[in-house]
Amino acid sequence: MKSLLLGGILLLSSAALAEEELNTSYQTESKHSEISIGGEFVTLQSASGSLSGLGPRFGFDFGLSDKWSIAANITFAFEATGKAGSFFYSGLRGVAEYSFIGESMKSVTSVNRADGTAFYSAAPLGNDRFAGFFGLEQLFLNGTTSIYPAAGLAIGGLWEFPFWGHGAQLDIRYSTLTANDNALTMIAVGACFNFDL
């Protein structure tokens, strides 16, 4: 009887010790920010003709909610037609994005020990996201004698998907711009990689 009682006490004490050691908390954290690095191909048209170019693009995206986010991009382009290889323009763009499918923010799930250290952490895998966007675009066109600003509205859509452990994105946009009272239209097709911050 004594050995049975002693065995029961040892079993209860070891269970209590194991519970104390494995005292964990479950936490889900939303990732709001990401940066993007990629490029785009553009065609710019005016009443007098058209030019095409391509170049790098750098961006920042911040999720406001599951569906809404804001994004800013810096772009550069070099002529693909005309004087091929010459500097074409630099540009800034700020847009609001709405996700029709998928979410604007990613989640990181972690299991933490009682002392706060991470026992397990699952990085965001990303998901397919289809979003539309609208906003403002500012170009600085490189003319023969000076730089000409062109500003206007931009609308478009994007598809984001997991690729090599990160997010990849394909997008298209249409911009209507005005430069020195001259109307310009631009169509741009881009691709980039997104990295969570």
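A brief look at the structure comes next. (Residues numbered from 1 in each chain as written. Predicted model: local features only at pLDDT ≥ 70, side-chain atom pairs only at ≥ 80, totals over all residues. Heavy atoms only, no water.)

**Some words on a nonpolar patch on the surface**
Thought 1: Together, Leu64, Trp68, Ile70, Phe134, Ile155, Ile172, Tyr174, Ile187 and Val189 give the surface a local cluster of nonpolar side chains, amounting to about 860 Å² of exposed area.
Thought 2: Elements supplying a minimum of two residues to the nonpolar patch: β4 (68–79), β10 (166–179) and β11 (182–196).
Thought 3: Relative to the assigned elements, Ile70 resides in strand β4.
Thought 4: The class of Ile70 is partly exposed, set by a relative accessible area of 41%. (Patch = residues over 30% accessible without salt bridge, like charges linked within 9 Å, V, L, I, M, F, W, Y side chains within 5 Å. Areas by Shrake-Rupley, 256 points an atom, 1.4 Å probe, with all protein chains shown as cover. Salt bridge = Lys/Arg side-chain N within 4 Å of Asp/Glu carboxyl O. Helix = DSSP H or I, 4+ residues; strand = E, 2+ residues; numbered from the N terminus. Buried < 20%, exposed > 50% of the residue type's maximum accessible area, 1.4 Å probe, protein only.)

**Re the sheet that holds strand β8 (residues 129–142)**
Thought 1: Taken in spatial order, the eight strands line up as β2-β3-β4-β5-β8-β9-β10-β11 and close into a barrel, and their pairing is antiparallel. The mean inter-strand angle of the sheet, taken between neighbouring strand axes irrespective of direction, is 25°.
Thought 2: Bridge count for strand β2 (residues 33–46) against strand β3 (residues 49–63) is 14 bridges, and the pairing is antiparallel. Directly across from Gln45, in β3, lies its bridge partner Ser50. (Pairing = 2+ DSSP bridges. Axes fitted to C-alpha atoms, helices over the stretch in contact; angles between N-to-C directions.)

**With respect to the packing of aromatic side chains**
Thought 1: Enumeration according to the criterion identifies nine aromatic pairs in this entry.
Thought 2: The interplanar angle of 80° and the centroid separation of 6.5 Å between the aromatic rings of Phe161 and Phe163 together place this pair among those described as edge-to-face.
Thought 3: The exposure class of Phe161 is buried, given its relative accessible area of 17%. (Phe/Tyr/Trp six-rings, centres within 6.5 Å; stacked < 30°, edge-to-face > 60°.)

**Structural notes on the pattern of salt bridges**
Thought 1: This structure, assessed with the given rule, holds six salt bridges.
Thought 2: Residue Arg173 pairs with Glu40 through a salt bridge whose shortest N-O separation is 2.9 Å. Pair noted here: Arg173 is in strand β10 and Glu40 is in strand β2, with a separation of 133 residues, a long-range link. For the pair shown, Arg173 and Glu40 are each scored as buried.
Thought 3: Here Arg173 ties to Glu137 by a salt bridge, and the two come within 2.9 Å at their closest N and O atoms. Taken together, the residues span a long stretch of sequence, with Arg173 in strand β10 and Glu137 in strand β8 at a distance of 36 residues.
Thought 4: The buried category is assigned to Arg173, whose relative accessible area is 2%.
Thought 5: A relative accessible area of 3% places Glu137 in the buried class.
Thought 6: When salt bridges with common partners are traced through the structure, they connect Glu40, Arg57, Glu137, Asp171 and Arg173 into a single cluster.

**Topic: the nonpolar core**
Thought 1: Within the largest apolar cluster, 13 residues are counted, with the highest numbers of intra-cluster contacts made by Val42, Leu44, Tyr89, Leu139, Leu141, Ala150 and Leu184.
Thought 2: At the level of elements, β2, β5 (87–101), β8, β10 and β11 are the ones that each hand at least two residues to this core.
Thought 3: When residues in this core are grouped by element, the largest group, three residues, is from β11.
Thought 4: Core analysis: the second largest hydrophobic core is formed by five residues, Ala71, Ala131, Phe133 and Leu158 among them. (Core = buried A, V, L, I, M, F, W, Y, C linked by side-chain atoms within 4.5 Å.)

**A short note on the environment of Ser36**
Thought 1: Tracing the sequence through the fold places Ser36 in strand β2.
Thought 2: Residue Ser36 is classed as buried on the basis of its relative accessible area of 11%.
Thought 3: Sequence-wise, Ser36 and Ala72 are 36 residues apart; in three dimensions their C-alpha atoms are separated by 10.0 Å.
Thought 4: Every residue in contact with Ser36, bar those within four places of it in the chain, is listed here: Arg57, Phe58, Gly59, Asn73, Cys192, Phe193 and Asn194. (Contact = heavy atoms within 4.5 Å.)

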